[in-house]
Amino acid sequence: MSNIIIGTAGHIDHGKTALIRALNGFEGDTTDEEKQRGITIDLSFSNLSLGQQNIAFIDVPGHEKLVKNMIAGAFGFDYVMLVISANEGIKPQTIEHIEIINLLGLKEIIVVITKKDLVTTEELELKKEEILEFLQSFDFEIKFISAVSIYDENSINKLKTLLFSIKNSIKQEENFFRFYVDRVFSPKGIGTVVTGTVLGKKCEIDEKLFICQSQKETKIKNIQVHNQNALEANISSRAALNLQNVNITNLKKGDLITKKGHIRGFDGIDISFKCLKNKKLNHNQTYTLFVGAKKIDLKVLLFDCITSLEEGYATLKANEPLYTVFGEKIILRSGNETICGGVILNPVIDPMKKNQKKRLLEALDKKDFISAYNELLEAHKKGLGIISSTQRFALSHEEAINFAKNMSDVFIDEKELVIYPLDTKNEIKDYIKDIYTKNSYALLSNASINLRLKWASTAFIQLVLDELENEGFLTKDGSLYKNANIKEDFTKDLENIILQRLKDEDVAPTAPYNIYDDLDIDRKVGDDILKSLTSKKQVIRLQHNLFIHFESLNKIVKIMKEIIKEDGFIELSNFKEKFDLSRKYLITYLDYLDNFSDIKKVETKRIFL
């Protein structure tokens, strides 16, 4: 089934809700307050179907003080149905809705003139001309203009025919599912249900999802699309999702539900903005941000710290994480005034110099992603994750890799999905050279270097190791690399070095991995050496990470037995008086005493039999 979402907009009492009721029989004003006041306070959702075509209507409030709800609905529109009464024409709230629609980048509109029965045919034609002339100052594509009366069934049927003639959803599929919550409720026996518009990609029953604001994982138990149970909800569908293991208190209007791992939250975002006529955005002032169904107060910092601007770049700073993606449209309001619209350029905040940030924003504003990558790589010398491109640039992994391939002087790890500035290779090379220059017996693998340089992927490290081998600095032996100037096998030398080190460290030996790191040898090599020394009884293994020289162990056992002779027992307290060692060593040596046939453990004490 094809899905189109049409949002209604227009001045209070111009007949939006009555028009929807005439089209599909839906009674939008459902709350007592709405019915008493005769206006739509919150968003109303309904649909109109014909065969495999489905049109979903989002009827938004027209009252000036309730424009915030109109903004919450507008992000999901495919088309906007601008409703203007024939007898009143364009009114202040009509203009505000038109300006918001324009700021949000919604270009395709339908104009419906209501209450045509209240004017003459000549007056109606004049009203059409006035409306079209006014709309010419905006960059809209008007699909059609139709005049109706809810009391004229023919005019309503004609409008239905025109509505079903428009194209399917114009939204482009994105890289991952997104869903802004616009309502949360908990029907008895059902659990938590959220409603919203499916963005990005479709969702399916049993699919795992992630609630960004509460950082909770959930699963879809059931899906309803336009009040019908469904196995999936496609992009641009109005859907209700029944979520598993989520309490209603963990969700609120404006929360973003998506796939885990795609979006990170930041307390700041960078935008480009353009103010409405005769409006300016002020530096270091608090405004209300509307993005998706989210509404939040935050501080606006103009990029050049100018007192006020009509258009430009700004950073928005909030007191909570903002979960946004590149290219999302936003609105900033002050009180009941709409000030400007904007586009999110940089949803991921990085530590950058001011000039560098400006170059980045200029590149993003033009969707020049190659230049944007270059700027980001200056700030991420140790690698830029391609997976972040879904949020940073609204690009898939494949698209991000293709952009990176068109860049010069970068290394792309397609397996780990990381891009590195190629000159960072010299940092790895210098690090490895320094190890082998200082320690002729160094014996490292790619994996052991990766443990030390966690930011460098194994593929990037391998590139450097291959170069060092080709330059004759290193020689490869299996998976290990040794100094090319040393031709003989020095495994025996390493064994003697480790044995002597354990002897010198006596009863407080270093953990094996620390020894390996200090000696610059691969962990597997080190483990093999310790196994060899243990099999020869030159080293005794007391715990998985505690190896001691046999002479040191014999010495400590002799001392412990002398303590038993003197005190009649040994336990942690009197043992520590003689040896100021950590509990780790003391307890291990006390436990080792239990291996002797002449020693008996009584509660916490060891005594002679």
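Conventions used here
- Residues numbered from 1 in each chain as written.
- Predicted model: local features only at pLDDT ≥ 70, side-chain atom pairs only at ≥ 80, totals over all residues.
- Heavy atoms only, no water.
- Pairing = 2+ DSSP bridges.
- Helix = DSSP H or I, 4+ residues; strand = E, 2+ residues; numbered from the N terminus.
- Axes fitted to C-alpha atoms, helices over the stretch in contact; angles between N-to-C directions.
- 1 Å grid on protein atoms, 1.4 Å probe; cavity = no way out; pocket = protein on both sides within 12 Å on 5 of 7 lines; lining within 4 Å.
- Points joined across faces, edges and corners; volume = space filled by probe spheres on them.
- Nonpolar A, V, L, I, M, F, W, Y, C, P; charged D, E, K, R; others polar.
- Patch = residues over 30% accessible without salt bridge, like charges linked within 9 Å, V, L, I, M, F, W, Y side chains within 5 Å.
- Areas by Shrake-Rupley, 256 points an atom, 1.4 Å probe, with all protein chains shown as cover.
- Salt bridge = Lys/Arg side-chain N within 4 Å of Asp/Glu carboxyl O.
- Lys, Arg positive; Asp, Glu negative; His and termini not counted.
- Charge placed at Lys NZ, Arg CZ, Asp CG, Glu CD.
- Buried < 20%, exposed > 50% of the residue type's maximum accessible area, 1.4 Å probe, protein only.
- Contact = heavy atoms within 4.5 Å.
- pLDDT = per-residue confidence, 0-100.

Another point: the sheet that holds strand β29 (residues 474-477). Read across the open sheet, the three strands follow the order β28-β30-β29; overall the sheet is antiparallel. Two strands lie at the open edges of the sheet, namely β28 (443-445) and β29, each paired on one side alone. Looking at each pair of strands side by side, their axes are set apart by 35° on average, direction ignored. One ladder, built from three bridges, connects β28 with strand β30 (residues 480-483); its direction is antiparallel. Its bridge partner lying in β30, leucine 443 is registered against lysine 482.

Bringing empty space enclosed by the protein into the picture now. In this structure the tally under the stated criterion is three cavities of 30 Å³ or more. Empty space within the largest cavity amounts to approximately 60 Å³. In this structure, the largest cavity is lined by Tyr180, Gln213, Gly254, Val291, Lys294, Pro321, Leu322, Tyr323 and Thr324. Across the lining of the largest cavity, the residue classes break down as five nonpolar, three polar and one charged.

On to a negative patch on the surface, then. Residues Asp477, Glu488, Asp489 and Asp493 make up a contiguous surface patch of negative charge. The class for aspartate 477 is partly exposed, based on a relative accessible area of 46%.

On to the sheet that holds strand β19 (residues 285-291). Read once around its circumference, the closed barrel built from six strands follows the order β17-β22-β20-β19-β23-β24, with strand pairing classed as antiparallel. Across the sheet, the mean angle from the axis of one strand to that of its neighbour is 45°, orientation sign disregarded. Looking at chain direction, strand β17 (residues 266-275) and strand β22 (residues 311-322) are connected through eight bridges and run antiparallel. Residue pairing in the sheet places isoleucine 269 in a bridge with leucine 316 of β22. Where helix α4 (residues 92-103) meets the sheet, its contacts fall on β17, β23 (329-334) and β24 (337-346), and the angle it forms with β24 comes to roughly 10°. Strands β17, β22 and β24 of the sheet are contacted by helix α7 (residues 354-365), whose axis makes an angle of about 95° with β24.

Our focus in this paragraph is unusual backbone geometry. The residue lysine 115 is not glycine, and still its phi comes out positive at about 60°. Here lysine 115 is to be found in the loop between β5 (108-114) and α5 (121-135). Judged by relative accessible area, which is 28%, lysine 115 ranks as partly exposed. A positive phi angle, close to 70°, is found at asparagine 278, a residue other than glycine.

On to the confidence of the model for the protein chain, then. For the protein chain, the mean per-residue pLDDT works out to 87, and 92% of the residues sit at or above 70. Across the protein chain, the element-wise mean pLDDT spans from 36 in helix α2 (residues 32-37) up to 97 in helix α13 (residues 458-470). In this model, residues 28-43 is a region of pLDDT below 50 whose contacts with residues beyond four sequence positions or in other chains number 41 contacts. A low-confidence stretch, residues 62-66 (pLDDT under 50), is modelled with 20 contacts involving residues beyond four sequence positions or located in other chains.

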